[in-house]
Every structure is written in structure tokens, then in C-alpha cells.
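# Per-entry structural report
Chain residues, written in single-letter form:
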Amino acid sequence: MLLSSRAMWFCQAVSSAARPEMCGVERHAAPAAAVVPRPHPARPQGAGPARKHRRSAPRGPMLRRVRIAVLGPVEAHRDAPVDLGTRKQRALVAALALHRGRPVPVDTLVDLLWRDAPPPGVAGTLQAYVAGLRRGLEPDRPARAPATVLITRGPGYALQLEPAGLDVAVFEDLAGEAHRALAGASSIPDGAPAPRPDPAALDDAAGRLAAALALWRGAPFVELEDAPAALAERARLEELRLLAVEDLAVAHLAQGRHSAVAAELEALTAAHPLRERLWSLRAVALTRAGRQADALAALRQVRDLLADELGLEPGPELRHLTTAILRQDPALAWRPPRAANGTTGSTADARTRHATAGLAGPAAPAPPAASGPAPAAATPLPHAWPLAGRDHELTALRDLLARAEAGTPAFAVVTGEPGIGKSRLVAELAGHARARGGRVLVGRCSQDDGAPPLYPWAAVLRDMGQELPLGVGGEDEGAAFRTWERIVAALTTAAAEDPVLLVLDDLHWADPASLRVLRLLGETVEQGRLLVVATWREGATGEPLAAVAETLARRHALRLHLHGLERDAAAAVVTAVAGTAPGPAATAALCERTGGNPFFLVEYARLAGEGGDLAALLAEPDPPAAVRDVLRRRLDRLPQATVTALRAAAVVGRRFVLATAAAAAGTAEDDLLDALEPALAAGLVREEDVDAFAFAHALVRDTLWAALPASRRARVHARVAAHLEPTPGHESQTAHHWLRAGPGHAGRAWRAAVAAAAVARRLHAHDDAVGLLRAALEALAADPAATARDRYALLMTLAEAHRWAADWVGLAAASRDAAAVADELDDVELLARAACAPTTGALWQLAEAGMVSTLAVATLRRVLVALPPGDGAPRCRAMLSLAAELYYAADVPERRELVEGALAMARRLGDDALLLDAHPIAYIALWHPATRQDRLGYATAAAGLAERLGDDRALVVALCLLAVVQGELGLVAEMWVTAAQAREHATRLRLPFPAAGARQPRAALAGDGRAVR
């Protein structure tokens, strides 16, 4: 077994510590923290050694020797251990290591090291720490020579290390490589014989996992304590460690080490009792060690545990395993690993020849024979250029496809600059998948701002003969998750029947809801013949896409970053397009000018082909230096009618149908077809279906769009909007075009945006709805016919959208603006609605601790004076809201008077929905140690009303509040029962309350009121 050199020094560095056993010693408890997107982009993972895909670091004598370990107390090594100095200096090293070589601003470092209490002169203190660390890390650095390890970069500092200079990176590499090598192995039989793994591959995978787990010396980044970024990374790494533990158990089962694995997994299932995969591996190990009764007892134990703790049944894997053991399924019997030459490996043979020992993996239908027709011949696909220079990447993707066809879901990410060939590479893989009898589903994200939510998934479902599930399960906050879950279920059902290749192209343009569906797929799919390939532009930013990258990294997705083509591949592309082979000098010049970008090369070759001479083009005094220059020259050679038509179509979008493009151009459809012919012949536009077209690349569309003056673009937008508006299903596109049609169409624009926001809400794309409503507000301001009541209604709709998006700050702002409009209208009921909106459904006050919103208090007092005397829901809500807003301004008796009067009024009105809203607000308004019994009654009443009215969201809020007050009263047993109920409902609805349900009771027991709040 050979280990890569990047692991060797770390294994040596921890040699003084006790070497962990098969599954790693449980030396620390991972902190309870939600797994959130990492504070740095996921490191690329490719089929080959990871170092080939990493950004190369500067190399020098200092840099090569320095090694940092953060999987435990932070350590540094050169030729010997480095003294890192004080605790804060060690924390500084950990903070820099957390960001993986990226520059960390000084403000961020201060937050990580001192949180909210930095000392006076903190900048000087930090600089002194940096100087001390530099002396330790680079003692031989000449005076005034620049640092090469802890460097100054941008607004802060960065830790510059070799790729193998950080133990976290080494751990991820080793564990990821082993996970991919073991991807076909499983402990659960499906009734068919499983393929025997190769013993050398098993030994190698087991060795890598053991080395990876040996790097762990304790909790990662422990010096950063409970900093949010450290908690998130700690939780992510702990999850990867447990996955490595499970993988090592699979490898050792395959080697026949059943009794040893069973003993070690007994301790692990006790430490991680809710991790079903560990229980299934333990049951398999016990069965193969001849202890079937113990295996069934273990399965009964986990079944009872899941029922008692979570009210859940065991998952499919545990249920299938129970059935297999009861039936004494022969597929559970172990067979010795078989080497590639067909002989039985010696690793397990030397230990046992039991008929009941070994690994039974999942038996999947064998992939079609490779001797069939070539993919291109079986599935002729029109491509702009031949696939050249991508053999390594295509082979890696084909291997991953074969693994997915065998029954193990797999993921891959392809990234690179525009035009580098991401879509072209994936199209080649799609042809290969179709030739092997697989099903290919493609979801392309649209660069058009008017694309509706879940646009790529709508295309995927259409290919499956289904439609987007709208309004699944009503309007509660869990409905969005149920919609995403329905999409994922449709896909996994298809993958259970046939091999499926799912391609999600151009995710840098995806809407947040589409990315959330992909995250859910990555988080939940565990079986099926599914390969998911995602593409996006390198450098694409945004939290939703970063979260997707994090999820795929957890699944050990294959990561391929495409670079420019080498000279031979570039020459092949140019030859295929231009019809003549460029000479060595011309090829070198082309690669220099284009950076080997395939799309740039193709456009250069086409431009040369149209002019007749590539050498002459390259020899011009001012040859094209960018792809847009090339495209502009090619467009200049088209007839003017064609260019005019293309510019109008570019306003429609990257893809367009004939009727819409004709409306945009203000011409007949047949005339537009005639105008498009030269562009089709030139390869600038392609025909995708009858009367359906697309620009050859986004850069073609961008170049045409940019050449159109703003006033002309506005007129084209208006024509397109007028054409789309009467047709249902185009609300988002209609709004997009009206909003860009200029101030003369402001009235139609804001109304169209409101209609599109309603559609977005039905799709549970609440962030999109907020964006549309904000755009509607801007358009309404330019509409002379709009009234103050229109603005009020729009602001309240926006406030509600913020509520659904869980943006309480935005909700408060929209409510304040609505209250100001209600004042203009002198309508007290409208004012009451706006003033009370922020308080309904909240778990705490919107104001910062110790702060009072004087505007909100004054508004609510005016409402109470102006409302008609007597009982009424507006007065009741205003009294409750005022009590909550006065939390930091009035004593308990004053707030109690408001609360009790409001509750009495709600009871007299007999309005259960009003009472359900009232009790949690009363609880919040009177939160004080002296009101514990009162708050127990409020929370209990709210929970009962929520159950009776079927309001799941209100039930979660009530149970969270109830668990906290039970903890305050010392009702510990009741508290844990209530907290478990809250978590169960919140998990089902995908609400952001499980963490609160877990943390608030502990905080209450500790008397930490600030943490509870």
C-alpha cells in the first residue's frame, strides 16, 4: 500500500500520539452546531491527484518546510515543532488556516480572536502577533525580506502553504480518494450476487482512511472557541470524519475483519446513536461473525431508539437488512476479494474461510457492453467544434457514470471561464450515456432576469412527463420544502428504474430556489443509478451557490476545472472549423491570443474562414484581441436585416421562439426566418426545435445586446411584454420586459411585477417575490396614475413576502413605510395593520437588546387613541404589539395591564385565530423571571390552539416557547419532551427552529437569558 507524500509528514507528526484503531478514537465531542456554508469556496476535487487541480502556491525553501495542523490544538512544524507563542497567537494561526490561503481582513481576524470585546489598540496588538509568528515560522528569513508564509495581502493577512501543508487538506484528499474507491461497496444486499472487490484497492483505501483518521488529535480549530465560522467548519469536518469512519468499516468488512469491526462499531453506535449507517454496518459485521441473534437485537435497539427519541421508523437500509437477516439471505455471505487476474486475494483468505463472512455489496444491473456503437454514432449531436484535449476529463466522467450505473449515486462539478467548453464536455458525456441506454435529463439555467423560479427543474420535469408541483401542502413555511421534496422524489424514482444522467448547466445564473432543490438532492439521495453533473463559471459568487458547492463537496463530488487547450488540441479545433490546418507558428499565435479558449478559437477560425486566410488575419496591425472583437467583425459581415433581427432577438433572451422574436423585431414571422438564415449558416444561431432558436453562446447574445442603444432596447422590451402578457405562464418574463420598457410603461410594469411575485410565492420562491415587489415599488413611483392606496397595498404585500422569506428586518422596514402611507391616507385601520405586522409570529422583539423603537411605540399609541372604542381585533392586536414594543421601556405591571386587557378582549370576541396570535406575543412581552407561571399558561394555551386549528408553524413557535419556560421552572423531563416535539415538527416543515429548540432549553437551565433570547 502506497500513500501519497502529502500525507507522510502528517503521519510522522502525530506518531507520538496513540494511533487510532479502525474507526478512530472518540477523543472529543463535536459541538452542537448547524452545518452552514463554508467561509471559503470548496477545494476542487478531480479524478486524478488533487494537487493537479489546486492553485499552485509560491514555492520556496521556507514554504516547503512549514506545515500547520489544526485537527486538534493548533501546531506548526518546520524541521521541528515551532513555538507559536501565546494562546491568541495560536488562535491567529487557526483563523488564517480556516480561510485556506485566502487573505483575511483585519476586521475579520479581530472578530474571530476577540469577538465583541477587542482590546484598545487592537491593530497594534494584532501586528505584534503577526511579527512574532513570522519569526517563529521563518527564523532564517533575512531582515527586510518579504515574508513567504504569513504574508500581507490586500486588507489583511494570508497563510501561504504548500497544498500538503495543512492537515485538513490532507485529510480531505485521503478520505475523498478512499470514499470514491469504495463507492460501489455496501453492507446491504438486494438479492443478487455482488461483485468482489480487488484486494489491492481495498488495502489502499483502508490505508488512506487510517492515515486520514490518524491526523485527528482533537476538536478542529479549538483555539477559535465558539466563533460562528469555526463552529460551522468544525461541524463540517466532524461529518467528514464520521463518513471516513463508516468507509473504513466497509473496507474492513470487505477484508473479512468481522469480529473486530463488530466490537469497534459497538462503541461507535453508543457514541452516535442516531447514525443509522453505523448500526447497519454493525449488524452486518455481527451476522458475518456468526452472531445473527446479536445482529437482530442491535437492529431492535436502534428501532426502539428512533421511535422513542424522534418518533420515526428506521430508514430503508435498516429495514431491508432486517429482512435479509431473518431470511438468511445468501447475499449476506462474504466472499474473499478477487484480484484483477481472477485469483482470490490473500488479505482475507489468511484470516477466515467462513461461509458467512465477507462483504455483500449492492448488485446492480451490469452496464451495457463497451463493444457497442460509439457514442457519437449512436447519438449524433450537432456541436460547434470537436471535443479535443479533454480526454482525461471525459474519462473521469465516464468512470463516474459507470459507477452510478452500478447503483451508487455520484456527483460531479465542471467549472471554468466562459467559452472554455463546460457544456461541450457534458454534451459528450450525455451522448455516451444515451448510447449506453441511460436517460439524460438536462436543466439549463437562463441568464435572462425574467426567467421564472425553478426554471431548470421545470425543464427536467417536462422531460419526465411531469409539471412543477405548485402549492404543495398549502401556505405554511414548510410548503417550500415539500415542493422541493416532490421534485427530488420524482428524480430519485426515475433513477430507481433506469440509469439517469442529470445535467444542470450554468448554475451561476440559477435562482435561489433551484439551487436549494439541488442542495436537497445532494443531502438526501443515498441510492439509485444517478449521476448529477453541474456546471458553473469559475469565480461565480453568492451564498446560495456557495452552499451548493459545500453540499457537493460533502458528497465527494468529482471537481473538474477546465483550462485552455494545448497547442495540438487547439490546432485540431481550428482545422475542423476552418477546413485547413494552421501551421505551428499560427497555432502558437492563436493560443497566445485566445488562451486556448475553445469558443474563442472557433470564432477566430470562422472569422478566418470567412476572410479566407488565418495567417493574414493574425498578421493584421490590429488583430482581434478579445472574443467580442471577433464576434463584432463576424456580425459586421452579415446583412443589415439579419443584424437588426438578431439584436431584437437578443432582447428576448439567449433562447427565443419565432413568434416572440418577430414581435420584438416588429416583423412577420416568415420575414424573420429569412433574416435569420445567414446567422444560422454562420453558426451564430442554432435551431433547437421547430420555431425555437438559441444563440450559439451567451457571449454572442451579450455582444448583440450591448450594441443596441438603451432607448431602442426599451421599445423592444415593450413589444415583447405586450406579446407575452396575454399568455398564462409567462408572468415572470412579462414583468421583466415591462420593468425595462421605460417610465412610459410604469403602470403596466408594477402591476406585472406584482402578478409575477404572486406566481413566485406559489412556487415558494420567496426571495424572488421580494425582488419583484421591490422592483414594483420603484416602477409605481414613476406611475402618475398610482394612488396612495396602491402603494400601501404593495408595501403590505412586500412585508408579507419578507415574512415568508424570514427577513424580519425587511418586514419591519416595509411595515414602517406602509404606516407612513396610512398616515397620509388618515386611515386608522390601515395604520393599525401596518403597525402590528412586525410583531405577529415573532419569537422575540425586532429591536436590538436594550433598544426601543420610539416610532413604533408612538404609532401604536396613536392607533389606540384613534380606533373606535370597544372590543375589536385591531385594538386587541395594537395593545399586544405595544406591550411587546415597550419591553425595554416599561416595567412588568404596565406591560401586564396591556397584555391581560388584550387577552380578555380576544376571549370576549371568541376569535380563536386572534387568540393563537395573542398568546405568543403576550409571552414575549412579559418575559421575566417573575412571570414564569403566566408564560407557562400562555405557551400551553397557544400549543393547544395551534393543534386544534392545524397551524403547524404556530405550533412550532408555541412549543419552543413552552420548552424554554419549562426549563426555567425546573421541569426538565417535560422540557426535553417538548423540545423533541418542536424539533420533530420543525424538521418536517423545514423551519429554522430546530436549533432554537435544541439550544434554548440548555440556555434556560443555565440561566442564560441572553442566549435564550
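Calculation criteria
- Residues numbered from 1 in each chain as written.
- Predicted model: local features only at pLDDT ≥ 70, side-chain atom pairs only at ≥ 80, totals over all residues.
- Heavy atoms only, no water.
- Helix = DSSP H or I, 4+ residues; strand = E, 2+ residues; numbered from the N terminus.
- Buried < 20%, exposed > 50% of the residue type's maximum accessible area, 1.4 Å probe, protein only.
- Contact = heavy atoms within 4.5 Å.
- Phe/Tyr/Trp six-rings, centres within 6.5 Å; stacked < 30°, edge-to-face > 60°.
- Patch = residues over 30% accessible without salt bridge, like charges linked within 9 Å, V, L, I, M, F, W, Y side chains within 5 Å.
- Areas by Shrake-Rupley, 256 points an atom, 1.4 Å probe, with all protein chains shown as cover.
- Salt bridge = Lys/Arg side-chain N within 4 Å of Asp/Glu carboxyl O.
- Lys, Arg positive; Asp, Glu negative; His and termini not counted.
- Charge placed at Lys NZ, Arg CZ, Asp CG, Glu CD.
- Axes fitted to C-alpha atoms, helices over the stretch in contact; angles between N-to-C directions.
- Left-handed = near helix turned anticlockwise from the far one by under 90°.
- Nonpolar A, V, L, I, M, F, W, Y, C, P; charged D, E, K, R; others polar.
- Pairing = 2+ DSSP bridges.

Going by the annotation in an unreviewed UniProt entry, the name recorded for the protein is AAA family ATPase, with Georgenia thermotolerans given as the source organism.

## Notes on unusual backbone geometry
Although it is not a glycine, R100 adopts a positive phi angle of roughly 55°. By the element assignment, R100 lies in the loop between α3 (87-98) and β3 (104-105). Not every positive phi belongs to a glycine, and D506 is a case in point at roughly 60°. Looking at where D506 falls in the secondary structure, it is placed in the loop between β8 (500-505) and α19 (512-524). Relative accessible area serves as the criterion here: at 11%, D506 is assigned to the buried category.

## Comments concerning the environment of L133
Here L133 is to be found in helix α5 (residues 122-137). The contact partners of L133, leaving out residues within four places of it in the chain, are L84, Q89, L92, V93 and L150.

## Quick word on the packing of aromatic side chains
Under the definition given, this model contains six aromatic pairs. Residues W114 and Y129 carry aromatic rings whose centres are separated by 6.2 Å and whose planes lie at 15° to one another, so their mutual orientation is stacked. Here W114 is found in helix α4 (residues 106-114), whereas its partner Y129 is found in helix α5, with 15 residues between them in sequence. You'll find W114 and Y129 in the same group, each marked buried. Centre to centre, the rings of Y887 and Y888 are 4.9 Å apart; their planes meet at 85°, and the pair counts as edge-to-face.

## Let's talk about a negative patch on the surface
Negative charge collects at one region of the surface, where E669, D670, D671, D674, E677, E687, D689 and D691 lie side by side. Counting residues per element, the ones that place at least two in the negative patch are α28 (669-682) and β12 (685-689). Of all the elements, α28 adds the most residues to the negative patch, at five residues. Mapped onto the fold, E687 is located in strand β12.

## Concerning the packing of helix α26 (residues 640-652) against helix α30 (residues 710-724)
Direction vectors running N to C along α26 and α30 enclose 65°, while the axes themselves pass 9 Å from each other. Taken as a pair, α26 and α30 cross one another with a handedness that is right-handed. Residues A648, V651 and V652 of α26 pack against R713, V716, H717 and V720 of α30. Considering only residue class, the contact of α26 with α30 consists of five nonpolar, one polar and one charged.

## Section: the sheet that holds β8
One open sheet holds the five strands; their spatial order is β7-β8-β9-β6-β10, and the pairing between them is parallel. The open sheet terminates on both sides in strands that have one partner only, identified here as β7 (439-444) and β10 (558-561). In this sheet, adjacent strand axes meet at a mean angle of 15° when their direction is disregarded. Bridge count for β7 against β8 is six bridges, and the pairing is parallel. Its bridge partner lying in β8, G443 is registered against L504. The strands touched by helix α16 (residues 422-435) are β6 (410-416), β7, β8 and β9 (530-537); relative to β9, the strand with the most contacts, the crossing angle is about 165°. Against the sheet, helix α18 (residues 479-497) contacts β7, β8 and β9, and its axis sits at roughly 145° relative to β8.

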